[in-house]
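For reference, the chains in residue letters:
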Amino acid sequence: MADLTLPTTLATPDWLADLPDAGSLPEVLEQALNSPAHRERWKYTKPGPFVAATQHPMIDPDIGGESQNGVALNQSIDAPLAGFDLDQAPEAIARLCYADHVMTLDVSASTDEPIVINHAGNTRPMLIRVAAGVSLTLLESADASDDAQQSIWIDLAPNARVEHSRNALNDAPSHWQYLNVHLQAGAHYQLNNHVAGCGSRRQDIHIIMDGQGAEATLVSAGKVDGKMALDQQVTLEHRQPRGQSKQTIHNIVANGGKCTFNGRIHIHEGAAGTDAQLSNKNLGMGEHATINTKPELEIYTDDVSCSHGATVGTISQDALFYLTSRGIDRTAAEALLSQGFLRQCIDGPLADQALTALVGRAREES
Amino acid sequence: MSLLNVSDLHASVVTDDGPQPILKGLTLEVKPGEVHAIMGPNGSGKSTLANVLSGRPGYIVDSGTATLNGQGLLELEPFERAQLGLFLAFQYPVEIPGVSNMEFLKASIDSLARARGEEQPNTATFMKQVRELAGSLDLDPAFLKRGVNEGFSGGEKKRNEIMQLLLLQPKLALLDETDSGLDIDALKVVAEGVNRYRSAENGVVLITHYQRLLDYIVPDFVHVLSNGKIIESGDKSLALELEAKGYAWLT
Ligand SMILES: Nc1ncnc2c1ncn2[C@@H]1O[C@H](COP(=O)(O)OP(=O)(O)OP(=O)(O)O)[C@@H](O)[C@H]1O
Ligand SMILES: [Mg+2]
């Protein structure tokens, strides 16, 4: 399985070397990479190449809007972030070790303009800390055309708000994005994620509701056409009471594409009054689409409201008949229906670009 | 010459237990300018007739013919039937989230225009026309931005069907229980819409359970469909008689 040969000297800041409870970092990573949980997360995508690529040379992401008042960009970390999780994401931690420096963005005042992040290649890890009560719009896109990885940690202090839009529409042989979001009390996080398949695309999203009354919304539209692949692994943890999370993920898999969605909701003991919803819908079109979707629920508290649904289907015959009965030919009707299916999950400031790439037409004015 | 000509039509619905014969020798002729009402007990085959004529999947035509303006319908794809001028107002209109009403209507009108070799309407003019039509049917034009029938009430869905009828101007309209689920005011609005559509050139087949609708849309003929066949035909007075006596005396 995953052979990760860690270098003998890690460019690791002291605080990271101190993270593991026991043993040296390389040992702990090694263990995490070989754990059954890790194997489960990498069941449908071969981890070897992704893990090996964690030591590839990295470039800085292009960052815009960083010179606004209240925004500070640094290249070091002074303390571990609450979201760092060796067991859940040893590869992401490995990237932190291999990076010669990281990008740390501290946002201490609400900004007028969004912070814009573009990944033109294999980019260095980013840590984004949003101070209490601060609102931030984050626009992220990837246009790497070679193998690339990203790893981003976002920490939202109490009552912070982040609206995060992310487009991963680039064509690359392989692309891996790791995203970890940690929410403190009353914080709000929204992710609008738009994604196309590529040679092998992997998105790991780990959202941790770690304060009372935090709210997270994840809306994602994906299209995997032809010999492309997409593997999305989402873990949403409710650690504190009265959190609300809502996830809506629509993926179209067409003509031999391969798509995996694994949505895990973990409601910890004591997280009473949690409301967690997840809906994953997959639409298969054409021949030989492969779709794996697995809902996973772990609930250790009574008094929660939780719904978790996954469907795999084809175009509705009733809807198709309705459109064709109005004179629209079959091919055009199918196109309208598949576009409609995705459009339900395309929203936010990066929607237009996503519509053009995934739906093939811009938003209708009406 | 007749507009719609259905002759000795036998058709089955496909079920898990194999095909079930529903239409058992149905004959109906509609001439331009005529309105025919079809009444009949639940399960007698009224929706089946509308579905078979418009080409809904899940039905098998066993024998018989159906033509619109002399052109055979039964071999055609649903969109080709629509392009010939057939229109079905659905008993249960489908909700299609993500496809806006406006976009759907534009796709429809463009397809029909292309098929007729006509020019596609200019988008701005078209949108204005649609908004006016919506208004005339007491439909909030804001609905046009929403998904097709998405979150519409039962009555709003039926009014949306009539809006499409008025927009697309088919040659023959099959209205399947467009009156059910409507309150009195909405019933008048819908009936007024159908009357606006009526002309000397086109025809209407009106499937209904209620005599009440026929006070507003006065039919030229009333037929009783029972067990897959038309067993009685008459004028509007037949509907009144049915209202008073039910169907039992006929069967
Ligand atoms: N998909 C189907 N599977 C099984 N049976 C069906 C199906 N569609 C229709 N039928 C049967 O065919 C018969 C005729 O149905 P149809 O919907 O045409 O009746 P209807 O006259 O429109 O009734 P209503 O007045 O209730 O609308 C009924 O017995 C119905 O159960
Ligand atoms: Mg019916």
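Residues numbered from 1 in each chain as written. Chains lettered and ligands numbered in written order. Predicted model: local features only at pLDDT ≥ 70, side-chain atom pairs only at ≥ 80, totals over all residues. Heavy atoms only, no water.

**Student:** Account for the pairing of strand 6 (residues 86-89) of chain B, naming residues and giving values.
**Tutor:** Residue and element names in this part refer to chain B. Burial along strand 6 is two-sided: the residues L86 and L88 and F87 and A89 are all buried. Note: strand 6 against strand 9 (residues 172-176), four bridges, orientation parallel. Within the sheet, the bridge partner assigned to F87 lies in strand 9 and is A173. (Buried < 20%, exposed > 50% of the residue type's maximum accessible area, 1.4 Å probe, protein only. Helix = DSSP H or I, 4+ residues; strand = E, 2+ residues; numbered from the N terminus. Pairing = 2+ DSSP bridges.)

**Student:** Please set out the environment of R81 of chain B residue by residue, giving values where relevant.
**Tutor:** All names here are of chain B. Considering the arrangement of structural elements, one finds R81 in helix 2 (residues 78-84). Note: C-alpha distance between R81 and L250 (169 residues apart in sequence) is 34 Å. Among all residues touching R81, those that are not within four sequence positions of it are V52, L53, S54, G55, L73, L74, E75, L76 and L86. Here the side chain of R81 touches L74 through a polar contact of 3.1 Å, landing on its backbone oxygen. (Contact = heavy atoms within 4.5 Å. Polar contact = N/O pair within 3.5 Å; in protein donor to acceptor, adjacent residues only side chain to side chain.)

**Student:** Before we move on, could you go through the site of ligand 1 and cite the residues and values that matter?
**Tutor:** All names here are of chain B. Around ligand 1, the structure places 14 residues, and the nearest of them are G43, K46, S47, T48 and H209. Within the side chain of N42, one N or O atom sits 3.0 Å away from an oxygen atom of ligand 1. For ligand 1, an oxygen atom lies 2.8 Å from a polar atom in the side chain of H209. When ligand 1 is considered free in solution it has 630 Å² of accessible area, and contact with the protein chains removes 62% of it. Breaking the shell around ligand 1 down by element, the ones donating at least two residues are strand 1 (4-15) and helix 1 (46-54). (Near = heavy atom within 4 Å. Areas by Shrake-Rupley, 256 points an atom, 1.4 Å probe, with all protein chains shown as cover.)

**Student:** Residue-level account of the sheet that holds strand 2 (residues 18-30) of chain B, with values.
**Tutor:** Residue and element names in this part refer to chain B. Spatially, the four strands line up as an open sheet ordered 2-1-4-5, and their pairing is antiparallel. Since the sheet does not close on itself, it has two edges, and those belong to strand 2 and strand 5 (71-72), each with one partner. Of the strand pairs in this sheet, strand 1 and strand 2 are connected by 10 bridges, and their pairing is antiparallel. Paired with L4 across the strands is V30, a residue of strand 2.

**Student:** So what's going on with the coordination of the magnesium ion (ligand 2)? Residues and values would help.
**Tutor:** Residue and element names in this part refer to chain B. Protein ligation of the magnesium ion (ligand 2) involves S47 (OG) and Q91 (OE1), the donor distances falling in the range 2.0 to 2.4 Å. Linking S47 in helix 1 with Q91 in the loop between strand 6 and strand 7 (96-100), this pair joins segments that are 44 residues apart in sequence. A relative accessible area of 22% places S47 in the partly exposed class. Its relative accessible area of 16% is what places Q91 among the buried residues. (Donors = N, O, S within 2.8 Å, 3.2 Å for Na, K, Ca; no water.)

**Student:** I'd like to hear about the nonpolar core, residue by residue, with values.
**Tutor:** If you look at the biggest cluster of nonpolar residues, it comprises 105 residues, and the most contacted ones within it are I346 of chain A together with L4, I96 and M163 of chain B. Per-element accounting of this core gives the leading share, seven residues, to helix 6 (residues 184-197) of chain B. Sequence-distant contacts of I96 of chain B, defined by excluding residues within four places in its chain, comprise A319, Y322, L323 and L337 of chain A together with G147 and V148 of chain B. Counting 39 residues, the second largest nonpolar core, distinct from the first, contains I63, L105, A214 and V234 of chain A. (Core = buried A, V, L, I, M, F, W, Y, C linked by side-chain atoms within 4.5 Å.)

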